[in-house]
Amino acid sequence: MENQMEKIVALCKRRGFIFQSSEIYGGLNGFWDYGPLGVELKRNVKDAWWRDMITMHDEFSVPPGAPQSFSMVGLDCSIIMHPQVWKCSGHYDLFHDFMVDCKACNARFRVDHVKSSECPLKPSKHPGEHDKCQLTEPREFNLMFKTTLGALGGAEDVAFMRPETAQGMFVNFKNVVDTTRVKVPFGIAQAGKSFRNEITPRNFTFRSREFEQMEMEFFCHPSQSYEWYKYWRDRRYAWYLKLGLSSEKLQLRDHAKDELSHYSVGTADVEYAFPFLEAGEFGELEGIAHRGDFDLRSHMEGKLVKNDAGQLVVEQGPDGKPRHPGSGKDLSYFDDQTRERFIPHVIEPAAGADRATLAFICEAYTEDRQPDEKGELQERILMKFHPKLAPIKVAILPLVKKDGMPEVGLNLYREFKAAGIPAYFDQQAAIGKRYRRQDEIGTPWCITVDGQTLQDQTVTIRDRDSLQQWRAPVNKVVDEIAAKLRG
RNA sequence: GCGGGUGUAGCUCAGUGGUAGAGCACUGGCUUCCCAAGCCAGUCGUCGUGAGUUCGAUCCUCAUCACCCGCUCCA
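So, how was this worked out
Residues numbered from 1 in each chain as written. Chains lettered and ligands numbered in written order. Predicted model: local features only at pLDDT ≥ 70, side-chain atom pairs only at ≥ 80, totals over all residues. Heavy atoms only, no water. Salt bridge = Lys/Arg side-chain N within 4 Å of Asp/Glu carboxyl O. Helix = DSSP H or I, 4+ residues; strand = E, 2+ residues; numbered from the N terminus. Buried < 20%, exposed > 50% of the residue type's maximum accessible area, 1.4 Å probe, protein only. Pairing = 2+ DSSP bridges. Axes fitted to C-alpha atoms, helices over the stretch in contact; angles between N-to-C directions. Contact = heavy atoms within 4.5 Å. Near = heavy atom within 4 Å. Polar contact = N/O pair within 3.5 Å; in protein donor to acceptor, adjacent residues only side chain to side chain. Core = buried A, V, L, I, M, F, W, Y, C linked by side-chain atoms within 4.5 Å. Phe/Tyr/Trp six-rings, centres within 6.5 Å; stacked < 30°, edge-to-face > 60°.

**Points about the pattern of salt bridges**
Now for step 1: In the structure shown here, the tally under the stated rule is 29 salt bridges.
Now for step 2: Here E271 makes a salt bridge to R253, at a shortest N to O gap of 3.1 Å. Placement of the pair is E271 in strand β12 (residues 266-272) and R253 in strand β11 (residues 250-254), with a sequence separation of 18 residues.
Now for step 3: Relative accessible area serves as the criterion here: at 7%, E271 is assigned to the buried category.
Now for step 4: Three or more residues joined by partner-sharing salt bridges are found here, namely K42, K46, E212 and D354.

**Here's the deal with the sheet that holds strand β3 (residues 71-74)**
Now for step 1: Reading across the sheet, the 7 strands line up as β3-β9-β10-β18-β13-β12-β11 and stay open at both edges, with mixed pairing between neighbours. Both edges of this open sheet fall to β3 and β11, since each of them pairs with a single strand only. Direction aside, the axes of adjacent strands within the sheet are offset by 20° on average.
Now for step 2: One ladder, built from 7 bridges, connects β12 with strand β13 (residues 283-292); its direction is antiparallel. Looking across to β13, one finds that T267 is bridged to A289.
Now for step 3: Docked against the sheet, helix α6 (residues 173-180) engages β3, β9 (186-195) and β10 (210-220), running at close to 135° with respect to β9.

**What about the protein's contact with RNA strand B?**
Now for step 1: Every one of the 47 residues lining RNA strand B counts as a neighbour, but F95, R196, R207, D372 and Y435 are closest to it.
Now for step 2: Protein-adjacent atoms of RNA strand B, using a 4 Å cutoff, are sugar or phosphate at a proportion of 54%.
Now for step 3: Within the side chain of Q20, one N or O atom sits 2.5 Å away from a sugar or linking oxygen of RNA strand B.
Now for step 4: R462 has a polar side-chain atom sitting 3.0 Å from a base oxygen of RNA strand B.
Now for step 5: Where the surface near RNA strand B is concerned, the elements lending two or more residues are α1 (2-14), α4 (91-95), α11 (431-441) and β24 (458-463).

**Description of the nonpolar core**
Nonpolar side chains in soluble globular proteins tend to be buried together.
Now for step 1: One finds W232, Y240 and F274 to be the most contacted residues of the largest nonpolar core, which totals 58 residues.
Now for step 2: Top element by residues in this core is helix α9 (residues 353-364). It accounts for 8 residues.
Now for step 3: Aside from chain neighbours lying at most four places away, what touches F274 is F206, G283, L285, R355, L358, A359 and C362.
Now for step 4: V176, V184, I188 and F219 belong to the second largest nonpolar core, which has 26 residues in total.

**Describing the packing of aromatic side chains**
Now for step 1: Applying the stated criterion across every chain yields a total of 26 aromatic pairs.
Now for step 2: With a centroid separation of 5.2 Å and an interplanar angle of 85°, the aromatic rings of F70 and W228 are classed as edge-to-face. With a gap of 158 residues between them, F70 in the loop between α2 (36-55) and β3 and W228 in helix α7 (residues 225-242) connect regions that are remote in the sequence.
Now for step 3: Take W228: its relative accessible area is 0%, and that puts it in the buried class.

Okay, here's the thing in structure tokens:
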């Protein structure tokens, strides 16, 4: 299966889907660039998500499986936010670990966990207590990217590149409620770049240090939150299936209780069996988390921790004051129908745009055997993208470069462009070779102008996966393809 | 971060201590009425990067970067 992944990576490079960042300088670990086809594919993934979340959402009807109708609005917040955001969210403390390595047993321990860890050489002792232990000096691990505000900025002006987009939606909760007339329940959706200093970037774009997220925060009444959690969990899983991931490779996995984050009441992952994983293993595409009122309360009161009784309370510093004070703003919600004031609970479906894109690439990659012009079976590589995701929807190919066929084809190409449908015109090389080129970049349909076109104004449409062809009037094909893309 | 492997044309790879080659691809032309076709012509390389040894390094040595595999990590 490693071989399979190598072929996929090679195709991504060869056809301009994904390049290594800064390749001419030797590359940069954990960073990737999307080429001309890759940018279209990833945009289509993000568009499909945005349309599903925002554009197509009907706030006056009750979607199947939903407890009631609801509103959805979008947001695009800055990547760099007030440093206090990350202190209250818990990222600052969680992402700033001091670690020691033991050179004797190649193990790494958090400094504050050494006394509770077992030495791999002798489990009855702690790391550093065994004769053979060779612990390094504590080293700081900054999992958040640091940057500096202002040209002369010093230590006082440290800021962070966001490690998730979610906080922008919590911080803007009050702005949205005050300015848009939305009522709970409603969701705020945002897609954008996030940054994490992953210790081990690996597996192509799966674990990158700069990546794009598609996140939504759904605010609801505490009494309804579990229903909404189940609704979004099922709906998000179905979204991937609808866009072509196979049910054998996609799973919805509920987290075990001990796996839940400290604030989470329930979490499920949408996971995909990537080719770089062992058989039976799955990689996370999206996490759907029930976050309770943790986030809004954190930004009101300050960073929260769980006390011995299991309740979330503001973490105290040595001086007895909040360790990381919140904004002090009231982020509660007043329901003017029930006259009830409450802090909404949050359901968060958080997806990786690059991971989803990679899953669609892996799923699409197909090798089959098709007869050549002599009838002998030849290997064919094709990308079976869902038409909604395919970077190029249709290729227009004059069968031969004469008798007016290129002119008819070029006119058709321009009609597709005018209709906003990504199209490609190719009159070079033999027809079979051009079909294969399109197969390899996942173009769902090829339209061929042939001798008959000049007689009766019909062209052939060829299906990528089945290789079947049928004729359609040249003045109807744009509509026909447009209809297929809608359907 | 540790251990192992890899790095030569766009791709797949060959090769040698004396400054590089094949197939495919690509470009142009001719031919070609449906699935990687034929003929002709043509383009393409800081041999990952840097340093050392040497009269001379793509080849030997060291360092470094990137990718792959295993371990570790994964809020």
